[in-house]
Amino acid sequence: MPSYSGGLGVLAGDTIRAAADIRLPMLAVSLLYRKGYFTQLLADDGLQSEEPVEWEVEDFLQEEPQRVTVPLENRRVELRAWRYDAKGVRGFEVPIYFLDADLPSNAERDRNLTGSLYGGDPYYRLCQEVLLGIGGVRMLRALGYTDLSRYHMNEGHAALLTLELLGEEAEKAGRESIRGEDIEKVRSKCVFTTHTPVPAGHDRFPMEFLTRAFPEQQDFLDLKDASSAELLRRVLQAETNFPGLQEAAKRGASVNMTHLALNMSMYVNGVAKLHGEVSRRMFPQVPIEAITNGVHAATWTAPSFQQTLDRYLPTWREDNYSLRGALGLPQEEVWSSHLLAKHELFEEVHKKTGLQLDPDIFTIGFARRATGYKRADLILSDLDRLREISKNAGKFQIVFAGKAHPNDGGGKELIRKIFRAKKALKKSVQVVFLDNYNMEVGGKITAGVDLWLNTPQFPLEASGTSGMKAALNGVPSLSILDGWWVEGHIEGVTGWAIGELRHSGDESLDNAADAESLYDKLEHVILPMFYNERHKYLTVMQHAIAINGSFFNTQRMVQQYITDAYIR
């Protein structure tokens, strides 16, 4: 089901699977994207083009009979829900409801609102968020979920659900406008996770968009009430209070969805300890905690490793902490499991590119969304140096993958740069780029390479989860000390660091120093260990599973959400 574009969507799925595994009474709501994100097509020079992903909804999802309507401009948009049940390891199910506006009762433009993920202009995006937040709450009520204790907003896209909850509270009190007591009641039920320090990840819409979308709701907030006036001032990031929503729109104010969610939640968290620090600097007016992300262990462990773990650590699926027993696995079994995963990856490479990679050669993996701050090209900074390392320290090859957002020209140019480097390096360092990066391709890369490379621009990596997936398969990381790697890194034990540990306020950028550190570790530490002291490399692989695999998983993460956010 192509209903996500990358890390955040995959994380949501991993979270739901973990909730099902531990039998947490939870449900999830998302939009149904009939055209998915996109299928990536790459020309010979790496130029990316996009095609819609057509998929048969009925093949995956069960339609629910309930219908709800959502006000939009002066229209009523009808929504239905499709259900998917995520089944846990003990058979417990967590339902996921996908909201769909593609109904005959809706105008064509409204039917298309659940067409494309990240499609259309900013107003289209706002309308999608209206359907998700307001429509989501209304659908939950129609489905019989009337007594939910917590509403967890995953990034600001769902923040409008707070407006629907506020409306419910006012209605219970027999009022049409919102007051301070309504705000407190709703705030006590809401939890918000912020996932990115990158400004593009925080939606802002002109206030004029909201007054256009909700023309009948001009008096929604009772601005004579101090709490309501203060909430509006914070959400609009305004210096002074506005007399009304129309006046705010006239003066060009904009609504920040992240600020709406921040100010309407009783618990807010970042997704790694360092990201918690970065978020507190970004939003100093709100207390922000940190719960470090994880990945779903059983989903991201390659079949070959699953079989080995089933033999030696039979409870690892139910109890991810038992993965710390990986230190006791026979090294020959770890290596044979790894070689099988490597073979799976190389089959995929051959199928997609026609190239036959040598399994005896050290293989580096880099698969992330193709965008500038993730710096996929850092390792390609000095091609002569790469040739020299390959010649003197040991041969290596690099497997890349990643989609650029259709409107991200810089991301698209990054892919072309990798293609140019691939051509220039020829046989001295074999470089492959796998198109149409998705969960299947991502899983094969994280399990099948010998080293996971991650080079984000500090401090823009909120968490990152690809290195966690690699760790579950015994693949150590070579990474900038940002996001989760600050917590998962033990030098020479779980992997290696590029550069030094920095503090959250340090935003200086030194590509040359980072590249030099990367080359130095590769040439003098990692390649010699892999080729000359394989038993030591295998020990690092075992520690990657035992230390990082046993902790950086969604089972631990969800348990932490329960104790810190859901039942406090």
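Before any of the text, the structure's been laid out above.
What you see is a predicted model, and the numbers here were worked out from it, not measured in a lab.

Criteria and thresholds
Residues numbered from 1 in each chain as written. Predicted model: local features only at pLDDT ≥ 70, side-chain atom pairs only at ≥ 80, totals over all residues. Heavy atoms only, no water. Core = buried A, V, L, I, M, F, W, Y, C linked by side-chain atoms within 4.5 Å. Buried < 20%, exposed > 50% of the residue type's maximum accessible area, 1.4 Å probe, protein only. Helix = DSSP H or I, 4+ residues; strand = E, 2+ residues; numbered from the N terminus. Pairing = 2+ DSSP bridges. Salt bridge = Lys/Arg side-chain N within 4 Å of Asp/Glu carboxyl O. Phe/Tyr/Trp six-rings, centres within 6.5 Å; stacked < 30°, edge-to-face > 60°. Lys NZ or Arg CZ within 6 Å of the ring centre and 35° of its normal. Contact = heavy atoms within 4.5 Å. Axes fitted to C-alpha atoms, helices over the stretch in contact; angles between N-to-C directions. Parallel < 35°, antiparallel > 145°, perpendicular 65-115°, else oblique. Left-handed = near helix turned anticlockwise from the far one by under 90°. Nonpolar A, V, L, I, M, F, W, Y, C, P; charged D, E, K, R; others polar. Patch = residues over 30% accessible without salt bridge, like charges linked within 9 Å, V, L, I, M, F, W, Y side chains within 5 Å. Areas by Shrake-Rupley, 256 points an atom, 1.4 Å probe, with all protein chains shown as cover. Lys, Arg positive; Asp, Glu negative; His and termini not counted. Charge placed at Lys NZ, Arg CZ, Asp CG, Glu CD. Expected span 1.5 Å × (residues − 1).

K.L.:
Hey, could you run me through the nonpolar core in this one?
P.N.:
Across soluble globular proteins, you tend to see nonpolar side chains buried next to one another. If you look at the biggest cluster of nonpolar residues, it comprises 72 residues, and the most contacted ones within it are Leu126, Met207 and Leu236. If you look at the next biggest cluster of nonpolar residues, it comprises 64 residues, including Leu386, Leu453, Met529 and Ile545.

K.L.:
Got a minute to help me understand the pairing of strand S7 (residues 151-154) in this structure?
P.N.:
Two faces belong to every sheet, and in a regular strand the side chains alternate between them. The alternating pattern of S7 places Tyr151 and Met153 on a buried face and His152 and Asn154 on a face that is not buried. Inspection of the sheet shows S7 paired to strand S8 (residues 190-193) by four bridges, in the parallel sense. The residue of S8 that forms the bridge with tyrosine 151 is cysteine 190.

K.L.:
I'm lost on the pattern of salt bridges in this one. Help?
P.N.:
If the charged atoms of two oppositely charged side chains come close together, the side chains can form a pair. With the rule as written, the count across this model stands at 46 salt bridges. The partner of aspartate 100 in a salt bridge is arginine 80, and the shortest N-O contact between them spans 2.9 Å. Taken as a pair, aspartate 100 in strand S6 (residues 93-100) and arginine 80 in strand S5 (residues 75-87) lie far apart in primary sequence, 20 residues in all. Between aspartate 435 and lysine 352 there is a salt bridge, and its shortest N-O distance comes to 2.8 Å. Of this pair, aspartate 435 sits in the loop between strand S15 (430-434) and helix H16 (439-448) while lysine 352 is found in helix H13 (residues 331-353), placing the two residues 83 residues apart along the sequence. Overall, aspartate 435 belongs to the partly exposed group, its relative accessible area being 25%. Judged by its relative accessible area of 29%, lysine 352 is partly exposed. Salt bridges sharing common partners tie together Arg34, Glu63, Arg67, Arg80, Asp100, Asp102 and Arg111.

K.L.:
Where do I start with the packing of aromatic side chains in this structure?
P.N.:
By convention here, two paired aromatic rings are described through the distance between centres and the angle between planes. If you walk through the whole model with that rule in mind, you get 16 aromatic pairs. Taking the centre distance of 6.1 Å and the plane angle of 90° together, the rings of phenylalanine 362 and tyrosine 537 count as edge-to-face. Taken together, the positions of phenylalanine 362 in strand S13 (residues 362-367) and tyrosine 537 in helix H20 (residues 534-549) put the pair 175 residues apart, joining distant regions of the chain. Overall, the relative accessible area of 0% leaves phenylalanine 362 in the buried class. Here phenylalanine 530 and tyrosine 531 contribute two aromatic rings whose centre-to-centre distance is 5.1 Å and whose plane-to-plane angle is 85°, an arrangement assigned as edge-to-face. A relative accessible area of 1% places phenylalanine 530 in the buried class. Three or more aromatic residues joined by ring pairs form one cluster here, namely Trp335, Phe362, Trp496, Phe530, Tyr531 and Tyr537. Over the ring of phenylalanine 530 we find arginine 534, and its NZ or CZ is 4.0 Å from the ring centre. Seen from the ring of phenylalanine 551, arginine 556 lies directly overhead, with NZ or CZ sitting 4.3 Å from the centre.

K.L.:
Honestly, the environment of phenylalanine 220 in this entry has me stumped. Any pointers?
P.N.:
Tracing the backbone shows phenylalanine 220 in the loop between helix H6 (207-213) and helix H7 (226-236). Residue phenylalanine 220 is classed as buried on the basis of its relative accessible area, which comes to 16%. Sequence separation between phenylalanine 220 and phenylalanine 530 is 310 residues; the distance between their C-alpha atoms is 64 Å. Among residues more than four places away in sequence, those in contact with phenylalanine 220 are Leu163, Leu166, Gly167, Glu176, Ser177 and Ile178.

K.L.:
Looking at this structure, how should I read the pairing of S15?
P.N.:
Here S15 lies mainly inside the structure; five of its five residues are buried. Residue alternation in S15 divides its side chains into two sets, Gln430, Val432 and Leu434 and Val431 and Phe433, and both sets are buried. As paired strands, strand S14 (residues 396-401) and S15 are joined by five bridges and run parallel to one another. The residue bridging glutamine 397 from the neighbouring strand is glutamine 430, located in S15.

K.L.:
Could you clarify how one ought to interpret the packing of helix H14 (residues 383-392) against helix H15 (residues 409-425) in this entry?
P.N.:
Relative placement of two packed helices is described by the angle separating their axes and the distance separating the axes. At a minimum axis distance of 11 Å, the contact between H14 and H15 shows a crossing angle of 50°. One way to sum up the angle between H14 and H15 is to call them oblique. The chirality of how H14 crosses H15 is right-handed. Of H15, the residues touching H14 (which contributes Leu383, Leu386 and Arg387) are Ala421, Ala424 and Leu425. When grouped by side-chain class, the residues that make up the contact of H14 with H15 number five nonpolar, no polar and one charged.

K.L.:
Help me understand a negative patch on the surface, please; the structure alone is not making it clear to me.
P.N.:
Among the surface-exposed residues, Glu54, Glu56, Glu58 and Asp59 lie close enough to one another that they form a single negatively charged patch. Along the chain, glutamate 56 turns up in the loop between strand S3 (48-51) and strand S4 (62-72).

K.L.:
For this particular structure, what's the right way to read the environment of glycine 354?
P.N.:
Along the chain, glycine 354 turns up in the loop between H13 and S13. Counting along the chain gives 281 residues from glycine 354 to glutamate 73, while the straight-line C-alpha distance between them is 53 Å.

K.L.:
Would you take a moment to explain H20 for this structure?
P.N.:
Because each turn of an α-helix spans 3.6 residues, side chains separated by three or four positions in sequence point in the same direction. Between the first and last C-alpha of H20 there are 21 Å, a value that for 16 residues agrees with the 22 Å anticipated at 1.5 Å per step. Regarding H20, the residues found buried are Tyr537, Leu538, Val540, Met541, Gln542, His543, Ala544, Ile545, Ala546, Asn548 and Gly549.

These results come straight from atomic positions and should not be treated as a statement about function.
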